[in-house]
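Survey of secondary and tertiary structure
The lines below spell out each chain.
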Amino acid sequence: MLIFRKPLEGIDRPQMPADVVIVGGGPAGMACALRLSQLIDQHNAQHSDSQLSKENIYVLEKAREIGQHCLSGALLDPRSMRELLPGFEKEAPLDAEVTKEAVYFLTEKSKLKFPITPPPLRDHGNYVISLNRFVKWLGSKVEETGITIFTGFAGSELLFDGDRVTGVRTDDKGVDKQNQPKSNFEPGYDLQAKVVILAEGTRGSLTKQLIAKFDLTKGCNPQTYGQGIKELWEVPSGRIAPGEVIYTMGWPLTTKEYGGAWIYGGKDNIVSLGFVTGLDYPDPRLDPQRVLQDFKQHSFVAKLLEGGKMIRYGAKALPYGGWWAIPPVAGNGWMILGDSAGFLNAQRLKGIHLAIKSGMLAAETAFEALKKGDSSAATLGQFQEKVESSWIKDELWKVRNFHQGFEHGFWAGMFHAGLQQFTGGRGLRSRYSGKAGYEHMKKLAELPADGGNEAHLLGPAKGDGRLTFDKLTDLYHSGTKHEEDQPAHLVIHDTDVCNNRCIKEFGNPCQNFCPANVYEMVEDTSQPNGKHISLNPSNCVHCKTCDIADPYQIITWVPPEGGGGPNYDGM
Amino acid sequence: MPDTILVIVEQREGKLNRVSWESLTAGQALAAEMGWTLEAAVVGSGVTNFASEIAAKKVVKVYAVDSPQLEPYTPDAFAAGLKQFIMAKQPKLVLMPHTYQVRDFVPKLATAMGRTAISDCIGYKKEGEKLLFTRQMFQGKLAADVSFTCDAPWFVTFQNGAFRGDKVEAGAAAAPIETVKVDIANNVIRNKPQEVFKEAKQAVDLTQAEIIVSVGRGIKEQKNIELAKQLAEALGGELAASRPICDSGWLPMDRQIGSSGQTVAPKLYLALGISGAIQHIVGMKGARTIIAINKDSEAPIFEIADYAVVGNLFDIVPPLIEEVKKAKTGA
């Protein structure tokens, strides 16, 4: 019997007043904290009579240490960082400036180089970084300001008063598998905040609560997502130059799936490579972790990695629905940043610079709110206006229809992308509609039993232990750890659907799309279909794919006990 | 008359809890700083011998709060007895170590008196006329200074190690001892203490085992664990498991081997129906001899096994148990 995590009821919780609570210490949250501190310092220097305090500004970060849940390719477009910390290049941990880029279209046996690099994929002037190290550095800057970062604390619930967000409840600690307090039980805190800023990353769990409560996505295109699977490799020297960037399209995906790979050359013969698979593929048997393993077997990639060693693994979902999928980002007491809002340029596959910019704009708005003593929608709504009059909108407007163009396959996508390139992003019409990714998933009965053209993408990767890896081996390299004795944080609202319906209709795709083997159908002769759903929550790498891709939408990802999760050193 | 600080020294089953000296050190420091009087009390039945041990320290007076009802310890009797005593003496501040016993009765005592307790403090501060107590929040990431807004007596408990028990000052002469009898009606005590016991056995320490029989998912059902147990017993070894088994509750978590369990290096490791995911391997690869039984010839466990048996464990284990028994009796 599965017992799911939820905040305990009927207990006394410590109350703590706060001016600003930022949920999530990634690039958006850290940039927000840093900018807010800068504004307060400037203000205090000029107004000796009305000093603002930073003491009650808090960042909640569920990872045990700053940056340990941060994963990205990553290429950094420095635009926003130059605004936040001019001259940051001198001290930030940057691996290399991009010096060379190439785009290939792969078929199973060959590769075709694009004669010119398409403009959106030109990366000269960008930097290859490890987002983990970059955020650690950003976090140390925040800590120097005197703003407190609570590492190991997750936001488990939003607190409301009518139509106003009034705070954040942190996670209960020391709760056992049956949802009972253990001897080390510590109730979550109620942080009563004037301003709550959600910077949780893709498909944030509090953001999801907020969107549901106020029906914020009404009138928006459904958000669409991709799942990025990444491996970090150490390769013999001379294989790829620091700052060399390679993108591929095509194989192993067919024309029915959206996605592509990146290969970035970092410092010290470290190569970041990964594959993003759109979570709108038709065949439920597809396994994105396997897609990366297949990709590595292409002779082009295999040669690059030969004799090398895989040192780290991770996965993350990314939002690429674009401008039309972004919900309102501010309201009474709240603002939403970065990937939680959907600030990601799907065409360039870049979101870090937008996350940082959104954090800065939110900080400016929060600062106004503190000064005025008003954090209602009247004041925080300025954030919405700031976003719309900033270069965030300029950049996203040009690619507003990009991903939707690909919903009907690769060739239609290329046609629309080309057309949009010459019409300022418009294409055939100003707004392309979209469909949620999970709605593209087909039932097994509608698909060829042998997988047809997709056969090579289906089912788990076996792995040879050198170039390719099975999922559990990959997972081991994510360094994931959780307190084992705690309730499952993957909340399945009705396991009967898994055991009785999904098993027949879709074949339990959770087992395939989860990059961490959290979901498992185990044999059970007492079940009518011979199996029941079982969870391994402590494998979870916090990518949120299950919450996104489940065709019945009955999974809600909530944060496990703070401190647990992957350990993305150098990712 | 100056205000009084009362330190409640803990005794249990004829032993004085040493951590009480830490509270006494805190009391001595506070008394000096505030100019208040320091007194101490020990609670129980026939506790004057403790009182004289305390009286050797630098305190103005020691009370032995006495009643036959206070032995054995019950939270009801302690709360009732101390309430009577504290109401009569009206100290400003009551200090205690943050022990299990104190945690048990202090909320009740403070509530019964309509007062507040500030618990698990790591220190105090004097700010002007205000006395602040420091508590940890967010698992020690933040320290909060808390003060009382209610009337005295104020209850404060100190975290273990917050003050140094060995720094408690001895007195110039023994302090006077006064025995205070408290009346506790029989019907006040609703708790009935049973015999005190220690939790039966510490978690099994697999790292000390020379032989380990470990089961994985291949064991199929919970009832089949018995088979592995018989083999472990026959070999004189310990029973362990891979995560799915402990996760299903078929064996307790302290028998889990691997990255999320224990790491072992026995002389013999017998893996029954364990596929050998890397998460398990890292917990046992140091074993001197590894025997693996698995029906999947490609199971990764075979890559590190010294002896690989491809086959159904239910066919192999029962005769193996018999053979081991025979060999043992023959030897």
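Residues numbered from 1 in each chain as written. Chains lettered and ligands numbered in written order. Predicted model: local features only at pLDDT ≥ 70, side-chain atom pairs only at ≥ 80, totals over all residues.

**Considerations on the overall build of chain B**
As a reminder of what qualifies: Starting at the N terminus, helices and strands are each numbered in turn, a helix being any DSSP run of H or I of at least four residues and a strand any DSSP run of E of at least two. The globule rule used here is 2.2 Å times the number of residues to the 0.38 power, and the radius of gyration it is set against is calculated over C-alpha atoms. With C-beta atoms placed from the backbone, a residue counts as buried when 20 or more other C-beta atoms lie within 10 Å of its own, as exposed when 12 or fewer do, and as partly exposed for counts between those limits. Here the contact rule is simple: place C-beta atoms from the backbone, and any two residues whose C-beta atoms are within 7 Å are in contact.
The secondary structure content of chain B amounts to nine helices and 16 strands. Rg of the C-alpha trace for chain B: 29 Å, well past the compact-globule value of 20 Å for 331 residues, more than 25% over. Expressed as lengths along the three principal axes of its C-alpha atoms, the size of chain B is roughly 85 × 45 × 35 Å. A total of 331 residues make up chain B; the buried ones form 42% of that total. Residue pairs in contact within chain B that sit at least 24 positions apart in sequence constitute 63% of those at least 6 positions apart.

**With respect to the pairing of strand 14 (residues 268-272) of chain B**
Residues and elements named next belong to chain B. Selection rule: By this definition, two strands are paired if DSSP reports at least two bridges between them.
Among the five residues in strand 14, four count as buried, and that is most of the element. In this structure, strand 12 (residues 211-215) lies alongside strand 14, joined through five bridges in parallel fashion. For S214, the partnering residue across the bridge sits in strand 14 and is A271. Relative to strand 15 (residues 289-294), strand 14 runs parallel, the two sharing five bridges. Bridge pairing in strand 15 links L268 to T289.

**Side note on the sheet that holds strand 18 (residues 309-319) of chain A**
All names here are of chain A. Stated precisely, the cut-off is as follows: Helix axes are fitted only over the stretch in contact, all axes being lines through C-alpha atoms; the angle between N-to-C directions runs from 0 to 180 degrees.
The seven strands lie next to each other as 6-5-15-16-17-14-18, forming an open sheet whose pairing is mixed. Here the strands that pair on one side only, and so sit at the sheet edges, are strand 6 (111-113) and strand 18. Averaged over neighbouring strand pairs, the angle between their axes works out to 20° when direction is ignored. For strand 5 (residues 100-106) and strand 15 (residues 244-250), the ladder comprises seven bridges, and the chain directions are parallel.

**Topic: the interface of chain A and chain B**
Going by this rule: Any residue outside Ala, Val, Leu, Ile, Met, Phe, Trp, Tyr, Cys, Pro, Asp, Glu, Lys and Arg is labelled polar, Gly included; the first ten of those are nonpolar and the last four are charged.
Every contact between the two is made by 12 residues of chain A and, on the other side, 11 residues of chain B. Secondary-structure elements contributing two or more residues to the side of chain A that touches chain B are strand 8 (148-151) and helix 12 (471-476) of chain A. Per element, the largest residue contribution to the side of chain A that touches chain B is three residues, and it comes from helix 12 of chain A. A class-by-class count of the residues in the side of chain A that touches chain B yields four nonpolar, five polar and three charged.

**Points about the confidence of the model for chain B**
We count it as follows: Predictor confidence is given residue by residue as pLDDT, running from a minimum of 0 to a maximum of 100.
Across chain B, the average pLDDT comes to 91, with 98% of residues at or above 70. This prediction of the complex comes with two scores: 0.85 for pTM and 0.72 for ipTM.

**Thoughts on the environment of E13 of chain B**
Following the sequence through the fold, E13 of chain B ends up in the loop between strand 2 (11-12) and strand 3 (15-16). What makes E13 of chain B exposed here is the crowd of 9 C-beta atoms within 10 Å.

**Considerations on unusual backbone geometry**
Residues and elements named next belong to chain A. With an omega dihedral of 0°, the bond running from G73 to A74 counts as a cis peptide bond. With respect to the secondary-structure elements, A74 resides in the loop between strand 2 (57-61) and strand 3 (75-76). The omega angle of the peptide bond from W251 to P252 is 5°, so this bond is cis rather than trans. Summarising the element assignment, P252 is placed in the loop between strand 15 and strand 16 (259-265). Positioned with a positive phi, N517 is a non-glycine residue whose angle comes to about 55°. Note on placement: N517 falls in the loop between helix 14 (510-513) and strand 22 (519-523).

**Focus: the pairing of strand 2 of chain A**
Residue and element names in this part refer to chain A. Taking burial as the measure, the five residues of strand 2 include five buried ones, the bulk of the element. Both faces of strand 2 are covered, namely the face carrying I57, V59 and E61 and the face carrying Y58 and L60. Where strand 1 (residues 15-23) meets strand 2, four bridges bridge the pair, whose relative direction is parallel. Residue pairing in the sheet places I22 in a bridge with V59 of strand 2.

**Observations concerning the nonpolar core**
The cut-off we apply is this: Put simply, a nonpolar core is buried Ala, Val, Leu, Ile, Met, Phe, Trp, Tyr and Cys residues tied into one set by C-beta atoms within 7 Å.
Counting residues in each nonpolar core, the largest one holds 194 residues, and the members touching the most others are V21, C32, I197 and L337 of chain A together with L272 of chain B. Among the elements that line this core, the one with the most residues is helix 8 (residues 352-372) of chain A, at 12 residues. When near neighbours in sequence (up to four residues on either side) are disregarded, V21 of chain A contacts Y58, L60, G167, V168, L191, A193 and V196 of chain A.

**A word on the packing of helix 5 (residues 225-235) of chain B against helix 9 (residues 313-330) of chain B**
Residue and element names in this part refer to chain B. Spelled out, the test is: For this classification, under 35 degrees means roughly parallel, over 145 means roughly antiparallel, 65 to 115 means roughly perpendicular, and everything else is oblique. Each crossing gets its hand from how the near helix is turned against the far one by less than a right angle, where anticlockwise is left-handed and clockwise is right-handed.
Where helix 5 meets helix 9, the closest approach of the two axes is 9 Å, and the angle between their N-to-C directions is 20°. Comparing their axes, helix 9 and helix 5 come out roughly parallel. Between helix 5 and helix 9 the crossing geometry is left-handed. Of helix 9, the residues touching helix 5 (which contributes L227, Q230, L231, A234 and L235) are V317, L320, I321, V324 and K325. By residue class, the composition of the contact of helix 5 with helix 9 is eight nonpolar, one polar and one charged.

**A word on the environment of D19 of chain A**
All names here are of chain A. Structurally, D19 can be placed in strand 1. Along the backbone, D19 and Q192 are 173 residues apart, and their C-alpha atoms lie at a distance of 8.2 Å. Beyond its immediate sequence surroundings of up to four residues, D19 is in contact with N56, I57, K194, V195 and L370.

**A word on the sheet that holds strand 9 (residues 142-146) of chain B**
All names here are of chain B. Taking strand neighbours across the sheet as the criterion, the nine strands line up as 9-8-7-10-6-1-4-5-11 in an open arrangement whose pairing is mixed. Each of the sheet's edge strands pairs with one partner strand only, and the pair in question is strand 9 and strand 11 (177-181). On average, adjacent strands in this sheet sit at an angle of 35° to one another, irrespective of strand direction. As paired elements, strand 4 (residues 37-44) and strand 5 (residues 61-66) share six bridges and run parallel to each other. Within strand 5, the residue paired with A41 across the bridge is Y63. On top of the sheet, helix 3 (residues 75-89) reaches strand 1 (4-9), strand 4, strand 5, strand 6 (93-97) and strand 11; it is set at about 150° to strand 4, its chief contact.

**What to know about the packing of helix 1 (residues 27-46) of chain A against helix 3 (residues 131-144) of chain A**
Residue and element names in this part refer to chain A. In the contact formed by helix 1 and helix 3, the axes pass within 9 Å of each other and the chain directions differ by 25°. By the angle class used here, helix 1 and helix 3 are roughly parallel. Read as a crossing pair, helix 1 and helix 3 show a hand that is left-handed. Of the residues in helix 3, those touching helix 1 at P27, M30, A33 and L34 are V135, L138, G139, K141 and V142. Considering only residue class, the contact of helix 1 with helix 3 consists of seven nonpolar, one polar and one charged.

**Some words on helix 4 (residues 205-214) of chain A**
What helix 4 of chain A keeps buried is the set S205, L206, T207 and L210 of chain A. Looking at the residues trailing helix 4 of chain A, positive phi occurs at D215 of chain A, about 50°.

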